[in-house]
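Residues per chain, in single letters:
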Amino acid sequence: MRLKLKWLTVVLLFISVAGFSQLKKSTIIPKTYVAAKATNPILIDGEEGDASWNKAEWTDIFEDIENNVKPKYATKVKMLWDETNFYILAKIDEPHVWANLKQRDTIIFYNNDFEVFIDPDGDTFNYYELELNALNTAWDLFLSKPYRENDNVVLNDWNIPGLKSAVKIHGTLNNPNDTDEGWMLEMAIPWASYKTSYFDQNVPVDKFWRVNFSRVNWQHTLKDGTYERKKDASGKFLPEYNWVWSPMGVINMHEPEKWGYVYFSSKEGKQSFTIPQDEKVKWELYNLYRAQKEYYQKNKTWAKSLVNLTKETIIVDGKILKPLIENHTAGFNISVKSPFSDQTFIIKQDGKIISK
């Protein structure tokens, strides 16, 4: 994805100026997926022949990150789990499979890549990112909060201990003289890599986590028979395509509140997952959070009343929400009592939601 370390200073400036321009009420409805428990061992070899994979469902075909434009090439994913690992199988159609980055923790999205984003407790803080290219080179990151908060949030030296991944090329890598089918990426990510707190029992049996996947795909050209990213007439790289499982509505993967919901079921058989109503209440808080940020950009002060942020009645599943704004020296709180659970949710100026 474009929002990464090398461009962080530029990105933060861009976000502070324009990142809250999409302050109309978000209509993004996150995708859902039920990951079944693997009933047989899974060999991480880049193949889908294991018996457990045969029982797993593919996700919907990935979509453009920002709009409803259908991607040029298809991407889809399967997911499974057991007591040790989160298993992911990605099928990536690509007529020109190429990669040249071989050193771990380089900026892998400068190649075509596949990316995994995971927020275990869904509060948009302390989330994880993993990128892999067709050479099976990994870049793994830990982010203490989204880039939009203008802090030094990235731990680039964090690695996933025990990560297993494998790539199977259906064609020939880095060979421009033929047409490829694509590549298959298989991975096993240990649960022990993901923490929501110290001593956390972090295998999410019959729980959901916020998850999303992104595929970065570049237009390419050939130089002396070697693939490289294509440039425009001025010598700048053409922008990449970003194709995702759960669309974001903006070219930015780092809005974790919009990611999909993966439910890790202990039951067998095909199942569905219904997003809890309290999650929808939180979506409305994030709409107000973005509106409050935009208000500050325009007025250099926080809005003191809900009417400064929206003129519309906020309704979730037929229930009216009545948020309250409280300003303080460090920022603001917006709170609302859920009509579905009687829990009170509070979003702070840094985008973190707490409940009581």
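The structure this text deals with has already been given above.
Residues numbered from 1 in each chain as written. Predicted model: local features only at pLDDT ≥ 70, side-chain atom pairs only at ≥ 80, totals over all residues. Heavy atoms only, no water.

Enquirer: Any chance you could explain the overall build of the chain here in plain terms?
Expert: Within the chain one finds 3 helices and 21 strands. In terms of overall dimensions, the chain is globule-like: its C-alpha atoms have a radius of gyration of 21 Å, near the 21 Å expected for 356 residues. Taking the principal axes of the C-alpha coordinates as reference, the chain spans close to 65 × 55 × 35 Å. In the chain, which comprises 356 residues, the proportion classed as buried is 52%. (Helix = DSSP H or I, 4+ residues; strand = E, 2+ residues; numbered from the N terminus. Rg over C-alpha atoms; globule rule 2.2 N^0.38 Å. Buried < 20%, exposed > 50% of the residue type's maximum accessible area, 1.4 Å probe, protein only.)

Enquirer: Explain the pattern of salt bridges to me, please; I cannot follow it from the model alone.
Expert: Pairs can form between side chains of opposite charge whenever their charged atoms are close. Taken as a whole and assessed by the stated rule, the structure comprises 14 salt bridges. The salt bridge involving Glu 63 is made with Lys 31; its shortest N-O contact spans 3.0 Å. Taken together, the residues span a long stretch of sequence, with Glu 63 in strand β2 (residues 63–64) and Lys 31 in the loop between α1 (8–18) and β1 (32–37) at a distance of 32 residues. With a shortest N-O distance of 3.1 Å, Asp 93 and Lys 91 are connected by a salt bridge. Each of Lys 31, Asp 60 and Glu 63 takes part in a single network of salt bridges with overlapping partners. (Salt bridge = Lys/Arg side-chain N within 4 Å of Asp/Glu carboxyl O.)

Enquirer: Quick question: what am I supposed to make of empty space enclosed by the protein here?
Expert: To locate leftover empty space, one rolls a probe as large as a water molecule over the atoms. Counted according to the given criterion, the structure contains 2 cavities of 30 Å³ or more. Here the largest cavity is characterised by a volume of approximately 40 Å³. Lining the largest cavity are Gly 122, Arg 210, Glu 257, Glu 279, Lys 282, Trp 283 and Tyr 286. The greatest single-element share of the lining of the largest cavity, amounting to 4 residues, is contributed by helix α3 (residues 277–299). (1 Å grid on protein atoms, 1.4 Å probe; cavity = no way out; pocket = protein on both sides within 12 Å on 5 of 7 lines; lining within 4 Å. Points joined across faces, edges and corners; volume = space filled by probe spheres on them.)

Enquirer: How should I be thinking about the sheet that holds strand β21 (residues 353–355) in this particular structure?
Expert: Working definition: the strands of a sheet are paired by backbone hydrogen bonds and lie parallel or antiparallel to each other. With respect to topology, 4 strands assemble into an open sheet ordered β18-β19-β20-β21, the strand pairing being antiparallel. In this open sheet, the two strands that pair with only one neighbour each are β18 (324–328) and β21. Here the average twist between neighbouring strands, direction ignored, is 25°. Where strand β19 (residues 331–337) lies against strand β20 (residues 344–348), 5 bridges are found, and the strand directions are antiparallel. In the strand pairing of β20, Ile 334 is matched with Ile 347. This element, α3, spans β18, β19, β20 and β21 of the sheet and lies at about 30° to β20. (Pairing = 2+ DSSP bridges. Axes fitted to C-alpha atoms, helices over the stretch in contact; angles between N-to-C directions. Contact = heavy atoms within 4.5 Å.)

Enquirer: I tried to follow the side chain of Ser 165 on my own but got confused; where do I start?
Expert: Mapped onto the elements, Ser 165 comes out in strand β9 (residues 164–170). There is a polar contact of 2.7 Å between the side chain of Ser 165 and the side chain of Asn 136. Leaving out residues up to four positions away in the same chain, Ser 165 has contacts with Ile 44, Leu 132, Asn 136, Glu 186 and Met 187. (Polar contact = N/O pair within 3.5 Å; in protein donor to acceptor, adjacent residues only side chain to side chain.)

Enquirer: Honestly, the side chain of Lys 258 in this entry has me stumped. Any pointers?
Expert: By secondary structure assignment, the location of Lys 258 is in the loop between β14 (241–244) and β15 (260–264). Reaching out from Lys 258, the side chain makes a polar contact with the side chain of Glu 255 at a distance of 2.6 Å.

Enquirer: Mind showing me how you'd approach unusual backbone geometry here?
Expert: Across residues other than glycine, the phi torsion is negative in most instances, and most of the peptide bonds are trans. Positioned with a positive phi, Asp 105 is a non-glycine residue whose angle comes to about 70°. Within the element layout of this structure, Asp 105 appears in the loop between β4 (85–93) and β5 (113–119). Backbone geometry at Lys 300 places phi at a positive 60°, although glycine is not the residue there. By the secondary structure assignment, Lys 300 is in the loop between α3 and β16 (315–316). Classification of Lys 300 by relative accessible area gives exposed; the value is 60%.

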